[in-house]
Amino acid sequence: MQKTKKLTLTAIIAAITTVSSSFIYIPVGFAKIFPIQHFANVLSAVLLGPWYAVIQAFISSTLRNMLGTGSLFAYPGSMIGAFLAAILYSKTKRIGFAAIGEVVGTGIIGALATYPIATLLLGQEATLFGFIPAFMISSFTGAIMGYGLLKILVRNRALGGILHENSTNNRGI
């Protein structure tokens, strides 16, 4: 896929994620759960590759924060999850591993990375493992949604050659 098409698809996914997050979220304590962000991370990871997935997560997090529908916790969770999902997919070419990467990256690693933001930057009391349940629920829900959509698109051959275009074997090297 050409860079222009990848940038355009990244922007579209980020825009849809930002708009839908104002409608679809679950408040848990002082954090908000956005399953649509995790859904978008899995789609970006599989369709666009690691760097575009991380850019999409960063843009979505930034826009949600600017619009007041997100929190600072969106950055580590979404970006780490998108990156791990894309790396696992690029190494295995299995959509299930992208979904697992999103859940582990956001639900565990991203949740742990959120702890310093809560305690040091925001001055809120938090436990090291306190964010894991909320992040796991959100990332699992979104990852299952992304996995399901991608499997349907693959089964119906709606993706054409896009799916394996981001592989390391197809870089013309």
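Our subject is the structure that appears above.
Within any chain, residue numbers begin from 1 and follow the written order of that chain's sequence. Note on the predicted model: pLDDT of at least 70 is required for a residue's local features to be given, and 80 or more for side-chain atom pairs to be given and counted; whole-chain, interface and lining totals, by contrast, use all residues. As a rule here, side-chain values cover all heavy atoms of the structure and leave hydrogens and water aside.

A.B. asks: Can you explain the packing of aromatic side chains? Please cite residues and give values.
C.D. replies: Working definition: rings of Phe, Tyr and Trp (its six-membered ring) pair if their centres are within 6.5 Å, and the pair is stacked with planes under 30 degrees apart, edge-to-face with planes over 60 apart, and tilted otherwise. A complete count under the given rule lists four aromatic pairs for this structure. Aromatic side chains W51 and F83 sit 5.5 Å apart centroid to centroid with 45 degrees between the ring planes, which places their arrangement in the tilted category. Residue W51 is located in helix α3 (residues 50–67), and its partner F83 is located in helix α4 (residues 74–92); the two are separated by 32 residues in the primary sequence. Of the residues examined, W51 reaches a relative accessible area of 60% and is grouped as exposed. Exposed residues in this analysis have more than 50% of their type's maximum accessible area, buried residues have under 20%, and partly exposed residues fall in between, with area computed by a 1.4 Å probe over protein chains only. On the basis of relative accessible area, F83 is assigned to the partly exposed category, the value being 32%. Judged by centre distance (5.1 Å) and plane angle (55 degrees), the ring pair of F73 and F131 falls under tilted. Numbering of helices and strands runs from the N terminus, with a helix taken as a DSSP run of H or I at least four residues long and a strand as a DSSP run of E at least two residues long.

A.B. asks: For a nonpolar patch on the surface, give the residues involved together with the corresponding values.
C.D. replies: Put simply, a patch holds well-exposed residues, over 30% relative accessible area, that have no salt bridge, with like charges counted together within 9 Å and Val, Leu, Ile, Met, Phe, Trp or Tyr side chains within 5 Å. Methods summary: accessible areas were calculated by the Shrake-Rupley approach with a probe of 1.4 Å, and residue burial reflects only the protein chains presented. Salt bridge, as applied in this entry: a Lys or Arg side-chain nitrogen positioned within 4 Å of an Asp or Glu carboxyl oxygen. Together, W51, I55, F58, I59, L63, M66, L67 and F83 give the surface a local cluster of nonpolar side chains, amounting to about 820 Å² of exposed area. Looking at where L67 falls in the secondary structure, it is placed in helix α3.

A.B. asks: Explain the packing of α3 against α4 residue by residue, including any values.
C.D. replies: With axes taken as lines fitted to C-alpha atoms, and helix axes fitted only over the stretch in contact, angles between N-to-C directions fall between 0 and 180 degrees. Their axes nearest at 8 Å, the elements α3 and α4 cross at an angle of 160 degrees. Comparing their axes, α4 and α3 come out roughly antiparallel. The handedness of the crossing between α3 and α4 is right-handed. From α3, P50, W51, A53, V54, A57, F58, S61, T62, R64 and N65 reach across to α4, where they touch A74, Y75, S78, M79, A82, F83, A86 and I87. For this scheme, ten residues count as nonpolar: Ala, Val, Leu, Ile, Met, Phe, Trp, Tyr, Cys and Pro. Four count as charged, namely Asp, Glu, Lys and Arg, and the remainder, Gly too, count as polar. Within the contact of α3 with α4, the residues separate by chemical class into 13 nonpolar, four polar and one charged. In what follows, roughly perpendicular refers to angles from 65 to 115 degrees, roughly parallel to angles under 35, roughly antiparallel to angles over 145, and oblique to any angle outside these ranges. If you view the pair so one helix is near and one far, a crossing is left-handed when the near helix is turned anticlockwise from the far one by less than a right angle, and right-handed when it is turned clockwise. Here, residues are in contact when the closest pair of their heavy atoms is within 4.5 Å.

A.B. asks: Give a description of unusual backbone geometry that names residues and reports values.
C.D. replies: Not every positive phi belongs to a glycine, and K93 is a case in point at roughly 60 degrees. Mapped onto the fold, K93 is located in the loop between α4 and α5 (95–121). The class of K93 is partly exposed, set by a relative accessible area of 25%. For R157, which is not glycine, the phi torsion reads 55 degrees and is therefore positive. Assignment of secondary structure puts R157 in the segment after α6 (132–155).

Any functional reading would require information that these geometric values do not contain.
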